[in-house]
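Chain by chain, the residues run as shown.
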Amino acid sequence: MPSTVPTLPTALLTVSNIRLYRRLRCLLGLLFLCLSSLSQAAAVLVLDSSQTNVNLTQFSDILVDPDKRHRIDDIQTLDLNTQFRPSETRDFKLSPDTGRLWFRFTLRNTSSETQQQLLQVQPSGNTEQIALYSQTQAIAPFPTAKLIRTETLFAVPVAANSDTTYYLRIESPVARRVSLELHSYASFIGEISKREFINAVFCGVLILLMLFNLVSALLHQDRLFFYQALNCGLIIICQVLAWGYIGDAQGLLPPWQGAELITTLLGICILELLYAQGFPIFPIKRPRHWQRLIRITIVVNIIAIAISIISDGRSAGVFVHTLIPANVLLLFFMSLHCYLISYSRLIFFYLITRAMVILLYSLTLLSFFLNISDIPLINTVLIAMATAAAVSQTCLLFARHHFRQRKQVQDEQHIAILGEVNRAKTDILARITHDIRTPLSAMIGVTELLQDTRLTASQEDYISTLQRSSHELLQLLDEASQAARFSESDVELSNQLINLPEIIDESLAGFRNIAAEQAIELICDIDSKVREQLIGDPSRIRQLLSHAMNSAFEHYESGYILLKVYPSETKAGLTFFDLSHRGKGFSTQEKQALSRSISNDNSIINARFAIAAQLINLMNGQVNVRTSPNGDHILSFSLLLGVPKIREQSHVADTELLHGKRLLVVDGNQTFCKVLSKQCSNWGMQVLTANSDNAAVAVVRNQILLQSPIDILLIDQALAGGGLKLAQRILEDSQSVKQQPTSLMLAHANIKFDRDELQSAGIRRVLSKPLSSVALRSALLAECHFDASINHRSPDQYSTEALNLSSLQCLIAEDNPTNAQVLTRMLSSLGIDVHHVVNGQQALTAFMRARFDFVIMDIEMPIMDGAEATRQIRLYEEEEGRERTPIFGLTANSLDEQRDSYLRAGMDLHLVKPIRLWELAEAIKRWTGYQHQKLASGKPPAKPAE
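Residues numbered from 1 in each chain as written. Predicted model: local features only at pLDDT ≥ 70, side-chain atom pairs only at ≥ 80, totals over all residues. Heavy atoms only, no water.

Undergrad: Explain the sheet that holds strand β23 (residues 712-716) to me, and be specific about the residues and the numbers.
TA: The 5 strands are arranged β22-β21-β23-β24-β25 in an open sheet whose pairing can be described as parallel. Each of the sheet's edge strands pairs with one partner strand only, and the pair in question is β22 (686-690) and β25 (763-768). Shown here is a sheet whose adjacent strand axes are inclined to one another by a mean of 20°, direction ignored. Pairing analysis gives 4 bridges linking strand β21 (residues 662-666) to β23, with the strands arranged parallel. Across the sheet, the residue bridging to Val-665 is Leu-714, located in β23. Lying on the sheet, helix α17 (residues 670-682) is in contact with β21, β22, β23 and β24 (742-747); it crosses β22 at an angle near 170°. (Pairing = 2+ DSSP bridges. Helix = DSSP H or I, 4+ residues; strand = E, 2+ residues; numbered from the N terminus. Axes fitted to C-alpha atoms, helices over the stretch in contact; angles between N-to-C directions. Contact = heavy atoms within 4.5 Å.)

Undergrad: Tell me about the packing of helix α4 (residues 185-220) against helix α5 (residues 223-243), residues and numbers included.
TA: Where α4 meets α5, the axes come as close as 7 Å, and the angle between the chain directions of the two elements is 160°. Relative to α5, the element α4 lies roughly antiparallel. As α4 packs across α5, the resulting crossing turns out to be left-handed. (Parallel < 35°, antiparallel > 145°, perpendicular 65-115°, else oblique. Left-handed = near helix turned anticlockwise from the far one by under 90°.)

Undergrad: Can you lay out the environment of Thr-164 for me, pointing to particular residues and giving the numbers?
TA: Topologically, Thr-164 is positioned in strand β11 (residues 162-171). Its relative accessible area of 13% is what places Thr-164 among the buried residues. Put simply, Thr-164 and Phe-105 are 59 residues apart on the chain and 8.5 Å apart in space, counted from C-alpha to C-alpha. Not counting residues within four places of it along the chain, the set of residues in contact with Thr-164 comprises Phe-105, Thr-106, Leu-107, Ser-134, Val-158 and Ala-159. (Buried < 20%, exposed > 50% of the residue type's maximum accessible area, 1.4 Å probe, protein only.)

Undergrad: Outline the pairing of β22, listing residues and values.
TA: Summarising the sheet, β21 and β22 pair through 5 bridges and their orientation is parallel. Across the sheet, residue Leu-664 finds its bridge partner in β22, namely Leu-688. In the classification by handedness, the crossover that spans β21, the intervening α17 and the parallel β22 is right-handed. (Right-handed = clockwise from strand over helix to strand, strands pointing away.)

Undergrad: Please provide a residue-by-residue account of the sheet that holds strand β2 (residues 53-55), values included.
TA: Read across the sheet, 4 strands follow the order β2-β13-β7-β10 without closing on themselves; strand pairing throughout is antiparallel. Strands with a single pairing partner mark the edges of an open sheet, and in this sheet they are β2 and β10 (152-158). Across the sheet, the mean angle separating the axes of adjacent strands is 25° when strand polarity is ignored. Packing against the sheet, α4 makes contact with β2, β7 (115-122), β10 and β13 (179-184), and its axis sits at approximately 115° to β13.

Undergrad: Help me get a handle on the nonpolar core, residues and values and all.
TA: If you look at the biggest cluster of nonpolar residues, it comprises 61 residues, and the most contacted ones within it are Phe-279 and Ile-281. For this core, the secondary structure elements donating two or more residues are α4, α5, α6 (260-278), α7 (290-310), α8 (317-342), α9 (345-369) and α10 (375-451). Sorting elements by how many residues they give to this core places α6 first, with 11 residues. If we ignore the near neighbours within four places in the chain, the residues touching Phe-279 are Leu-224, Leu-346, Ile-347, Leu-396, Leu-397 and Arg-400. Counting 42 residues, the second largest nonpolar core, distinct from the first, contains Leu-522, Leu-544, Ala-552 and Ala-613. (Core = buried A, V, L, I, M, F, W, Y, C linked by side-chain atoms within 4.5 Å.)

Undergrad: Report on the pattern of salt bridges, specifying residues and quantitative values.
TA: For the coordinates displayed, the defined rule picks out 21 salt bridges. Taking the shortest distance from any N to any O, the salt bridge between Arg-169 and Glu-171 comes out at 3.4 Å. An identical accessibility class is assigned to Arg-169 and Glu-171; each is buried. Note that Asp-632 and Arg-582 form a salt bridge whose closest N and O atoms lie 2.7 Å from each other. With Asp-632 in the loop between β19 (623-627) and β20 (633-640) and Arg-582 in strand β18 (residues 574-583), this residue pair connects regions lying 50 residues apart in the sequence. The class for Asp-632 is buried, based on a relative accessible area of 8%. Given a relative accessible area of 32%, Arg-582 falls into the partly exposed group. (Salt bridge = Lys/Arg side-chain N within 4 Å of Asp/Glu carboxyl O.)

Undergrad: Explain the packing of helix α24 (residues 840-849) against helix α25 (residues 866-880) to me, and be specific about the residues and the numbers.
TA: In the contact formed by α24 and α25, the axes pass within 9 Å of each other and the chain directions differ by 20°. Taken together, the axis directions place α24 and α25 in an arrangement best described as roughly parallel. Between α24 and α25 the crossing geometry is right-handed. Two secondary-structure elements touch here, α24 through Gly-840, Leu-844, Phe-847 and Met-848 and α25 through Ala-869, Gln-872, Ile-873, Tyr-876 and Glu-877. Class assignment of the residues belonging to the contact of α24 with α25 gives a composition of 6 nonpolar, 2 polar and 1 charged. (Nonpolar A, V, L, I, M, F, W, Y, C, P; charged D, E, K, R; others polar.)

Undergrad: How would you summarise the environment of Asp-716 if you had to cite specific residues and measurements?
TA: In this structure, Asp-716 sits in strand β23. The sequence separation of Asp-716 and Leu-767 amounts to 51 residues, and the corresponding C-alpha distance is 9.7 Å. Beyond its immediate chain neighbours, meaning those up to four positions away, Asp-716 contacts Glu-521, Val-666, Asp-667, Gly-723, Met-745, Leu-746 and Lys-769.

Undergrad: Account for α24, naming residues and giving values.
TA: Residues of α24 that are buried: Gly-840, Ala-843, Leu-844, Ala-846 and Phe-847. Taken end-on, α24 shows its buried residues confined to a sector of 165°, consistent with a single buried face. Buried residues along α24 sit in contact with β26 (809-813), β27 (833-837), β28 (854-858) and α25. If you check the start of α24, you find a side-chain oxygen 3.1 Å away from the backbone N of Gln-841, and it comes from Asn-839. (Arc of directions from axis to C-beta. Polar contact = N/O pair within 3.5 Å; in protein donor to acceptor, adjacent residues only side chain to side chain.)

Undergrad: Please set out unusual backbone geometry residue by residue, giving values where relevant.
TA: Geometrically, the link from Phe-279 to Pro-280 is a cis peptide bond, its omega value of -20° lying close to zero. Note that Pro-280 resides in the loop between α6 and α7. Residue Asn-620 is not a glycine yet carries a positive backbone phi of 55°. Relative to the assigned elements, Asn-620 resides in the loop between α16 (604-618) and β19. Its identity as a non-glycine residue notwithstanding, Gln-707 has a phi of 60°, on the positive side. Looking at where Gln-707 falls in the secondary structure, it is placed in the loop between α18 (693-705) and β23.

Undergrad: Could you give me a rundown of the confidence of the model for the protein chain, with the residues and numbers involved?
TA: Here the protein chain averages 79 in pLDDT, and 81% of its residues register 70 or above. Across residues 32-39, where pLDDT falls below 50, the model places 0 contacts with residues more than four positions away in sequence or in other chains. (pLDDT = per-residue confidence, 0-100.)

In structure tokens:
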């Protein structure tokens with residue numbers, strides 16, 4: 001069988017067919033690949049004249065360039081152009097690790113006219129981060145300067161009946177979310193106008209709210225209104241930064257570029273915390289740890305602001321992501337806890353506001369991360385939420401102020417009612433005091449009269465006990481009346497010209513009997529720089545000194561009590577008082593009462609301290625207690641008194657008679673000697689001191705040898721060797737001196753002296769302890785005025801001017817027969833002629849008929865009281881041109897208000913029942929001193945008509 005062998009042409013044909021087949025297969029593969037890629041590309045956006053705005057998410061293709069090495073020429077090559085894929089929602093979240101994104105979209109215009117479109121890229125960026133290309137030609141964005149705020153806008157023209165492909169390059173140095181929207185010109189202008197209108201409304205509301213809070217802060221002096229004004233200002237700044245009115249538009253949700261928006265948002269959180277602390281939204285009675293937690297949160301927010309500023313916002317993302325939600329939740333739970341305890345309506349509305357803030361903030365965060373809503377809508381919602389919260393908090397502040405005003409009005413009405421009640425209580429108290437003092441006055445007067453009779457030792461002891469108990473009862477009455485008439489609502493102070501040293505002297509004089517009974521040395525040291533004429537409330541100052549002195553006597557155990565008064569070196573009118581004693585220290589309850597803290601101990605001492613602290617606060621002073629190194633317990637307080645514009649009268653002329661006088665102070669108390677030495681040295685006297693009788697005799701003898709004899713002696717009766725004996729020795733040693741020294745005795749008021757003993761010792765005057773600078777200066781000046789005609793008279797233990805009392809005529813107006821009898825016998829014991837009437841009308845008639853040297857006028861009398869009778873007498877003196885006659889008011893009312901009214905009626909002195917003999921004698925000496933001239937002229941006063 002023959003074999004068949006292929007020929008060469010046949011073989012070549014077969015090879016060529018195989019090669020052709022392979023080429024066709026490759027061409028078909030490429031065609032299929034192209035068709036496959038075209039089927040996966042994004043849809044072409046067909047433009048329609050009726051459309052407004054379109055989101056390009058589903059019409060865009062995306063190409064990721066992580067190394068940022070491709071340019072537009074590279075992108076349009078076939079190799080890279082085929083690598084685009086349809087974009088998804090997650091592709092619009094940029095980060096620094098993503099690199100560069102290329103978006104491609106195709107627009108188709110089926111109409112016969114060119115259509116102009118606007119491409120808006122949000123958030124905005126600079127030209128280096130965002131660029132748009134048409135084929136290979138770059139499209140320039142709109143200039144930012146021509147826009148109201150920062151926007152990234154590109155004009156996108158599409159020719160008629162054509163398809164145009166655009167490429168958008170985007171990159172970002174920070175993580176952000178991008179939105180691409182295509183607008184027609186008309187729709188863009190309408191949307192922007194609506195957005196600007198909404199922003200303007202919010203901004204206008206915030207500006208008005210800020211101005212309202214500033215004005216309210218100035219009017220009401222409430223810092224919370226100021227915090228709210230700052231809060232509104234920061235919200236406006238957030239709005240400006242988020243929308244791009246200043247800088248690039250960043251939005252109100254993270255992340256952000258720079259630290260400006262972070263600082264502003266954290267500043268709002270701090271102000272919200274300050275508002276919560278001052279409102280407050282935590283229970284006031286049981287705050288627990290909320291206040292401390294607020295302060296800690298504020299510090300953490302401040303640290304986050306500092307970190308964001310230092311790192312330019314790059315490292316503060318964690319703080320912002322955690323702090324802002326933490327602040328919101330903290331305020332919510334705090335207000336919820338407060339409402340569940342207090343059930344306050346204001347806290348309820350605040351709680352509703354915080355709940356709405358949490359709800360809206362959570363929804364915006366959720367929609368942002370799920371890409372449900374766009375960035376402009378989120379910004380609008382957050383700005384609206386912040387504005388509504390600011391309006392709500394301002395309304396709460398205004399409502400609270402309204403409630404406080406209404407409560408203040410109610411309190412004022414309540415205080416007015418209490419004032420009327422207190423005034424009624426004061427009147428009742430004055431009546432009770434008068435009723436008690438009237439029989440008590442007769443009791444003390446009778447005991448003093450009995451002391452001048454012959455008594456056995458036991459009878460003298462009984463009378464002394466009765467007198468001591470009576471004086472203690474009087475002291476309790478005074479303190480109870482002062483405490484009862486003081487209330488927290490009594491805050492008005494009278495401003496009148498006062499003499500501060502005299503007020504201090506009068507206040508200390510009320511404690512002479514107590515100091516005498518307890519044998520306490522009461523020393524008063526008033527600095528010479530203290531102004532005598534000041535402006536203040538004398539009643540309150542006396543009341544304060546009374547409470548302070550009572551506390552010192554309560555705590556005293558040994559030594560002495562020292563009151564030191566000195567002025568401030570820097571502030572005029574500021575006067576300091578230091579009251580020191582040795583004994584018991586101040587308890588914790590007393591310190592709390594002084595600091596006006598709440599104390600459960602309602603003892604009399606603590607009430608005294610609380611009243612003293614309130615009085616000091618009323619007079620703009622401060623108070624504290626301390627213990628000195630030498631063991632003295634000191635109560636220190638200051639009073640800010642007014643300084644009169646008139647020039648203070650100098651006492652230099654009054655003390656000229658004391659210049660150069662040599663004074664020897666003999667007292668065992670060195671502190672007392674130092675105080676008197678300083679006071680008398682300021683008057684120009686040469687002061688020598690001695691602490692014992694032998695030292696005093698040595699000083700007197702040495703001065704005689706130096707031919708500089710002692711002019712005035714001031715000897716303490718309680719001296720170890722005996723004050724009278726020392727005076728007798730010095731008198732015998734001074735017999736050779738041409739001018740013997742004037743001897744004065746210093747003793748407690750309850751010590752009685754024999755007239756013959758005083759005369760034999762050469763004692764000219766007995767001064768009562770405590771000895772104030774005013775009383776000492778008056779006594780020294782009076783002694784320097786004595787002439788030879790007075791020197792031969794026997795000394796009087798009560799008199800400081802040794803008047804011839806038997807030549808005086810007195811008119812007494814007293815309706816109580818017992819008191820009139822006691823008073824008449826007291827005056828008769830002094831050798832004074834007395835004419836007695838029972839009411840003010842009879843007193844006026846008797847005064848018109850005859851002349852009297854002084855008048856003692858009871859206040860409360862029938863027909864015409866003492867005050868009206870005094871006014872009528874003063875009018876009669878003016879009409880007749882008669883010399884002013886001293887009138888002493890006699891009343892049981894110890895309150896300062898009544899006393900001041902009596903002095904304004906024309907009385908010269910206010911004597912409080914029960915009147916004591918030595919007080920009555922002192923008053924007669926002081927106010928009838930001009931009788932010396934009358935007696936010297938040989939014109940005795942006329943006898944009153946019977």
